[in-house]
Structures are given as C-alpha cells and as structure tokens.
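Chain by chain, the residues:
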Amino acid sequence: MQVSDHAQPLHTGGGRIGVLFCHGFTGSPWSLLEWARVTADAGYRVSLPRLPGHGTSWQELNLTTWRDWYAAVERAFLDLRANCDRVFVAGLSMGGALALRLAEKYPDDVAGLVLVNPAVLGQRRMMAIPLLRRFTSSAKAIGSDIALPGVEEQAYERTPLHAAHSLQHLWVDVRACLDLVSCPVLVFRSATDHVVPAASTAFVLSHISSDEITERVLSRSYHVATMDHDREQIFRESLEFFAQHSG
C-alpha cells in the first residue's frame, strides 16, 4: 500500500552521536519530523523510521502487531549503534514505550532517553478493547490531540482495534522490565492530555532504576506536544540533554 507523503522516514548521515526517534500509535514520522530535523541540524546522526502499518491505512495497521513496530525501531537502533559512538532514543506516546523497551534490552548501549507523554498505561475506556474487537475492527480516532490551532498530526481517522489490543500487550511487556532502565531520562508530560493518563508517566518514573531523571510539565500543550505550543522547549532541552550526556 502506498505510503503518504507526510509519513516518509528521515535518516541523516554524519555525526558520531546518533538519535533514534520513535513515533506514536496511528501516527507517523510527521509528528516528530520537525524535532528530528532540528536535531540533525545540530550535528547529530538522526534516524526516524516509519513503523509498519503506519502512514498507509488503519486497515493495514490492523494486520500488524507490536513486535513488528519494535522490530523496526530495533533495526534502526542497531544501525545507529554500528555507526555511532553513542546513541540516544526519543519517543512520543507509544514511541516512548518502544524507547523504554530498547533501554531494557540494551542497557549498556542506550546513552539516554527523551520521552514525551510516554504510554505504558491507557485510558480506562481501553479496557473494553479485548471484547470490542470481536465485534468491530475500529473505533473513534485518537490522533491530533493538539492545542495549537490549525495543526494536524495526520494520524488515522479510525483506531484499529486489533492493533490497539496488541499495543496493550506491548505495555505489559514494557512495564514488567522497567527496573532494567538505568540510563539518564528526560521526560516531558503535558498537563492536559486527552490520550494518555498522567499515571502512565508516573508509573514509568517510579519503576525505572535511573539515577538521573528529569521531568518537565508542559502547561500549554496536549498529547502531541512535539507539534504543539511547547515544542521549542522540547527541542531545546533535548539538545541540551544530548550534549550533556554525549561524553
């Protein structure tokens, strides 16, 4: 199936410090593109892959699982590791869960994590998904939760329920091993988020083993904060974080 223009991945060469960007569920590289470009312009080698089933149709996403999405970011991470001295991982929403899983599996190779509204827990209404998916293949969309007028995430118009059920399995897998995350972590959490509950970030921060944890609360942005009012703060502070921990 044809990939939308806004969903094209971004991979840049040069630089001995790499940064891997992981986008969210039903979204695409579009939600992180400006952040990735700013990071590349600062001299970092950047990889922003398109996750399987994303950027095409929600029906195609329904044919994939969390293992497909994780395999894509793992391949990108291993490529950066082979070409860089240090590698950081940044993730939005589900991308935050994928970033955490990389840090769990490669604790000696992830130099640090930057997480924006990381999802390891869902809204209470998601508890119905295991049953609901038996009767319908999709539900109301969850994308474009952005306070800034006129900005669209270009996410799917429907939420594919079989894929959403697999997403829940990813969360269980990630939550079980959070104590293995020991690298420095910078977390941005939106004060108002209509997609991921604040309890998700709280759970992450209370279960990881990192000695250095910094949390920033974004007062003007909703869930897709990387495209919202506070995006410049995310860009600036993440670059400071990368520089501080680049050795």
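Everything discussed here concerns the structure shown above.
Residues numbered from 1 in each chain as written. Predicted model: local features only at pLDDT ≥ 70, side-chain atom pairs only at ≥ 80, totals over all residues. Heavy atoms only, no water.

In terms of burial, strand S2 (residues 17-22) is largely enclosed, as six of its six residues are buried. Of the two faces of S2, both are covered, the one formed by Ile17, Val19 and Phe21 as well as the one formed by Gly18, Leu20 and Cys22. Pairing geometry for S2 and strand S4 (residues 86-92), over six bridges, is parallel. Across the sheet, residue Gly18 finds its bridge partner in S4, namely Val87. Two elements, S2 and strand S3 (residues 45-48), share three bridges in a ladder whose sense is parallel. What sits directly across from Gly18, in S3, is Arg45. Between the parallel elements S2 and S3, the chain passes through helix H1 (residues 33-41) in a crossover that is right-handed. (Buried < 20%, exposed > 50% of the residue type's maximum accessible area, 1.4 Å probe, protein only. Helix = DSSP H or I, 4+ residues; strand = E, 2+ residues; numbered from the N terminus. Pairing = 2+ DSSP bridges. Right-handed = clockwise from strand over helix to strand, strands pointing away.)

Right, let's talk about the pattern of salt bridges for a bit. Pairing between side chains of opposite charge can happen when their charged atoms approach one another. Counting across every chain of the model gives eight salt bridges. Across the salt bridge formed by Arg189 and Glu215, the nearest N and O atoms sit 3.0 Å from each other. Of this pair, Arg189 sits in strand S8 (residues 185-190) while Glu215 is found in strand S9 (residues 213-218), placing the two residues 26 residues apart along the sequence. By relative accessible area, which is 36% here, Glu215 ends up partly exposed. For Arg216, the salt bridge identified is with Glu237, shortest N-O distance 2.7 Å. Taken together, the residues span a long stretch of sequence, with Arg216 in strand S9 and Glu237 in helix H8 (residues 231-244) at a distance of 21 residues. The exposure class of Glu237 is buried, given its relative accessible area of 12%. (Salt bridge = Lys/Arg side-chain N within 4 Å of Asp/Glu carboxyl O.)

Bringing H1 into the picture now. Within H1 the residues assigned to the buried category are Leu33, Trp35, Ala36 and Thr39. For H1, the angular spread of the buried residues around the axis is 160°, confining them to a single face. Positive phi appears at Gly43, one or two residues downstream of H1, with a value of about 105°. (Arc of directions from axis to C-beta.)

What follows concerns the pairing of S4. Among the seven residues that make up S4, six are buried, leaving the element largely enclosed by the rest of the structure. Sheet analysis places S4 next to strand S5 (residues 110-116), joined by six bridges and oriented parallel. From the neighbouring strand, Gly91 faces S5, where its bridge partner is Leu115. Where the polypeptide runs from S4 across helix H4 (residues 94-105) and back to S5, its parallel neighbour, the crossover connection is right-handed.

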